[in-house]
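In case you want the letters, here they are:
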Amino acid sequence: MSDLITGFAFFLIIEGLVYALAPHFLVAMAKLLPEIPEQHLRFSGLAAVALGVAVVWLVRG
């Protein structure tokens, strides 16, 4: 359970850093999002999940 909470904490830290250090970039990316096809967004999300699982597997295995 502590690993899950630690993972969530790291997520919050990274999200907070993006908002704190690059707010203009974040706004520009948000404006571009509606122009990106849903298929590309879905594939990018699945690729990120697969990469994250692979990294956790390598580190913990």
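Computed from a predicted structure; not experimentally measured.

**Some points on the overall build of the chain**
Then, in step 1: Assigned secondary structure in the chain consists of three helices and zero strands.
Then, in step 2: In sequence order, the secondary structure elements of the chain are arranged as α-α-α.
Then, in step 3: For the chain, the C-alpha radius of gyration of 15 Å lies well beyond 10 Å, the compact-globule estimate for 61 residues.
Then, in step 4: Along the first, second and third principal axes, the C-alpha set of the chain runs to 40 × 30 × 15 Å.
Then, in step 5: Sorting the 61 residues of the chain into buried and exposed places 0% on the buried side.
Then, in step 6: As displayed, the chain has an accessible area near 5700 Å², and 76% of this comes from carbon and sulfur atoms.

**Structural notes on the pattern of salt bridges**
Then, in step 1: Throughout the structure, instances matching the rule amount to two salt bridges.
Then, in step 2: Where D3 meets R60, a salt bridge forms, and the shortest distance between an N and an O atom there is 2.2 Å. Of this pair, D3 sits in helix 1 (residues 2-21) while R60 sits in helix 3 (residues 38-60); the two residues are 57 residues apart in sequence, bridging distant segments of the chain.
Then, in step 3: Residue D3 is classed as partly exposed on the basis of its relative accessible area, which comes to 48%.
Then, in step 4: Residue classification places R60 among the exposed residues on the basis of a relative accessible area of 59%.
Then, in step 5: Linking E38 and R42 is a salt bridge whose minimum nitrogen-to-oxygen distance equals 2.4 Å. Pair noted here: E38 and R42 are both in helix 3, with a separation of four residues, about one helical turn.

**Section: helix 3**
Side chains of residues three or four places apart in an α-helix project in the same direction, reflecting 3.6 residues per turn.
Then, in step 1: Under the 1.5 Å per step criterion, the end-to-end length of helix 3 is 33 Å for 23 residues, consistent within 8% with the ideal 33 Å.
Then, in step 2: Sparse coverage of helix 3 is indicated by the burial of zero of its 23 residues.

**Let's talk about a nonpolar patch on the surface**
Then, in step 1: The grouping of F10, I13, I14, L17, V18 and L21 at the surface amounts to a nonpolar patch, some 600 Å² of accessible area in total.
Then, in step 2: Mapped onto the elements, F10 comes out in helix 1.

**Focus: the confidence of the model for the chain**
Then, in step 1: Confidence along the chain averages 94 in pLDDT terms, with 100% of residues attaining 70 or more.
Then, in step 2: Ranking the helices and strands of the chain by mean pLDDT puts helix 3 first, with 95, and helix 1 last, with 93.

So, how was this worked out
- Residues numbered from 1 in each chain as written.
- Predicted model: local features only at pLDDT ≥ 70, side-chain atom pairs only at ≥ 80, totals over all residues.
- Heavy atoms only, no water.
- Helix = DSSP H or I, 4+ residues; strand = E, 2+ residues; numbered from the N terminus.
- Rg over C-alpha atoms; globule rule 2.2 N^0.38 Å.
- Buried < 20%, exposed > 50% of the residue type's maximum accessible area, 1.4 Å probe, protein only.
- Areas by Shrake-Rupley, 256 points an atom, 1.4 Å probe, with all protein chains shown as cover.
- Salt bridge = Lys/Arg side-chain N within 4 Å of Asp/Glu carboxyl O.
- Expected span 1.5 Å × (residues − 1).
- Patch = residues over 30% accessible without salt bridge, like charges linked within 9 Å, V, L, I, M, F, W, Y side chains within 5 Å.
- pLDDT = per-residue confidence, 0-100.

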